[in-house]
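Coordinate inspection notes
Each chain, written out:
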Amino acid sequence: MCGIIGFTGSHHVQDILLNGLQRLEYRGYDSAGIAYFRDDSNHISIRKTAGKVSDLRAVCDDDNESHCGIGHTRWATHGGVSTTNAHPHRVGRVALIHNGIIENYKELIAKYNLAPQLKSQTDTEVAAALINKKYDEFNDPKKALKAAVNEMEGAFAFCILFREDPGKIYAIRNVSPMVATFAENAGSFIASDLTAFLDFTKNYFVVPEYHLLTLSNDGIEMEDLEGNTVEPEYLTVDWDVDAAEKEGYAHYMLKEIHEQPSAIEKTIAPRIKDSLPDFSVDGIDDSLFENVSDITVIACGTALYAGMVGAQMIKNRFGIPVTCAVASEFRYERPVLNENSLVIVCSQSGETIDTLAALRLASEYTKKTLSIVNVKGSSIARESNYVLYTHAGPEIAVASTKAYTSQVAAFYLIAIKLGLVSGKASEPRAKEFIETLKTVPNMIKTMLGYEDRVAGLTKRMVNATDAFFIGRGLDYQIAMEGSLKLKEISYIHAEAYAAGELKHGTISLVEEGVPVIAIASQSNVYSKVISNIRETEARGAYVILISKDPEVTDPSICDVHFHIPDVPDEFTVFEVIVICQMLAYYTSTGKGIDPDKPRNLAKSVTVE
Ligand code: G6P
């Protein structure tokens, strides 16, 4: 949440900051701003505005004289959406941008009598005022910064300009993510996410917590809080800058929906050997899966729904006890874990703060912590004992699509491995399953062929105020992700229900014309779910049925039918979800909403 970038070097800083912020905009788009030094001067200029990066561009003059600055795109936490609350915040001789929340900001205001200096309602301005106060005291940026962060509680990633130090950016973080790099041909960069500087280099390092960085035209110096120099550990990203561009698609979301076949291929191909799962590329041997007493899957949002599909599969196929936990709840509950519990943490970004906190708590009970993560080097990846990268490439749209299907594919590999190691899966059955998994990219390609038909439903969907997704068994888990997609980007109230549960209350909400997206892809409950669908159709619902039936013409069942090719029940998730994703996308664009940037949401949720 909130995107931050800093640059100092040989290029014009405004261009770099504005282009970088454009790439980081998925992290928040309530307001945007930049601060920069005019070359060799001690003057810090600030341009900021409520609104998107495009609005910020409009208030920036074409300043070619500046080569050092910081930029921010905000997802509002403390204080409403306004230009005053936009970052950067300047207090005295300090200008600063921040991602995170300073929890003890009220105490700090009182302790240091900072109130007279504050113009905004943000906790960030309090941090700026405190750092400025310490700067007045020590007259040394590093000492000031160390002293200030020592007093702060909460999560933060700061980039700071000190007026007497033109050409330099100081940075420090706790919890909130930050990566940095020095590119020979340009200069030093720091950002929330490497997409901000991917035009210049594919190398980067994750800024360790509580380490102080000084960025200059010549390079980046890093030290711990005791003042010891620390060498950065550089990583290389394995995708190109093109992967972070729209490549002709109207939106990132549509592009990412279409990328699913290749994303899944990249997730599974390196981990299949002789038609069986093999995690040697991840350095994970079978001992992780031996003597597992129970499994807890922890995640948020779409990653949680992917986990629920994985959990259903592990439980139903192999009878291993699995619990799924909402990370923000798990972290405040009493964990029921032992040293043989396997904890699987799932996160696209690897930075969701609740998931990270839940992982930290679980790690106190078991060493068997395995994460399924997309972003290399992210906090969750580093803090779990084992990590399985999905390799889905950058996911920019706020609504997650390719991350979901690649996470499900990763869960399926893990499930089969667990089955084999526990002796509950036979090798021939496991091979058969993995051979089917290899065909998933083609299943998705087939479903993408429905795009025009799904888009044809837009007219009907845009007028809906409510929608219900129903299914049984695995279809219910899929329904949850389907309804999340629709509600987050179309603002239509959408809920998922276990179809058999409708009659216990929700059916009272079904009236003439309400869309019901009915998923009937599980053979063992097929006839049951069809009965439930009839119950909604009888009450006037507009039923969109997704099933394996070649044809359904009975108007007492549905108004529209999508036939999905007949694959084993555990694989229909990959087919059904593509229809749900496209339905959400076209409903959103049909309503004139930008699906890549739905209101109030952000992609990487680094605040509690
Ligand atoms: C936010 C995003 C969702 C995402 C969830 C978990 O709510 O909008 O798309 O599923 O966070 O994110 P993670 O990076 O942990 O998968």
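Residues numbered from 1 in each chain as written. Predicted model: local features only at pLDDT ≥ 70, side-chain atom pairs only at ≥ 80, totals over all residues. Heavy atoms only, no water.

**A look at the packing of aromatic side chains**
All chains considered together, the criterion is met by 17 aromatic pairs. Their ring planes at 15° and their centres at 5.0 Å tell us that Phe156 and Phe158 sit as a pair that is stacked. Overall, the relative accessible area of 0% leaves Phe156 in the buried class. Assessed through its relative accessible area of 0%, Phe158 is described here as buried. For the pair Phe162 and Tyr170, a centre-to-centre distance of 5.3 Å together with 85° between the ring planes defines the contact as edge-to-face. Classification of Phe162 by relative accessible area gives buried; the value is 0%. The class of Tyr170 is buried, set by a relative accessible area of 4%. (Phe/Tyr/Trp six-rings, centres within 6.5 Å; stacked < 30°, edge-to-face > 60°. Buried < 20%, exposed > 50% of the residue type's maximum accessible area, 1.4 Å probe, protein only.)

**Notes on the environment of Arg74**
Turning to its location among the elements, Arg74 is positioned in strand E4 (residues 68–74). Here Arg74 is in contact with Cys2, Gly28, Tyr29, Asp30, Ser31, Gly79, Gly80, Val81, Asn85, Ala86, His87 and Thr122, once residues within four sequence places are set aside. At 3.0 Å, the side chain of Arg74 and the backbone oxygen of Gly80 are in polar contact. (Helix = DSSP H or I, 4+ residues; strand = E, 2+ residues; numbered from the N terminus. Contact = heavy atoms within 4.5 Å. Polar contact = N/O pair within 3.5 Å; in protein donor to acceptor, adjacent residues only side chain to side chain.)

**What to know about the site of the ligand**
Among the 13 residues in the neighbourhood of the ligand, the closest are listed as Thr302, Ser347, Gln348, Ser349 and Thr352. Here an oxygen atom of the ligand and a side-chain polar atom of Thr352 are 2.5 Å apart. Between Val398 and the ligand, the recorded distance is 3.1 Å, taken from a backbone N or O atom to an oxygen atom. Here the ligand has 390 Å² of accessible area as a free molecule, and 89% of this is covered by the chains. (Near = heavy atom within 4 Å. Areas by Shrake-Rupley, 256 points an atom, 1.4 Å probe, with all protein chains shown as cover.)

**Structural notes on the sheet that holds strand E11 (residues 203–206)**
Strand order in the open sheet formed by 8 strands is E3-E2-E4-E1-E10-E9-E11-E14, and the pairing between neighbours is antiparallel. Two strands close off the open sheet at either side, each with one partner strand: strand E3 (44–50) and strand E14 (235–236). In this sheet, E11 lies alongside strand E9 (residues 179–183) in antiparallel orientation, the contact comprising 2 bridges. When the bridges of E11 are listed, Ala180 appears paired with Phe205. Its contacts with the sheet place helix H1 (residues 13–24) against strand E1 (3–9), strand E2 (31–37), E4 and strand E10 (187–191), and it is angled at close to 155° to E1. (Pairing = 2+ DSSP bridges. Axes fitted to C-alpha atoms, helices over the stretch in contact; angles between N-to-C directions.)

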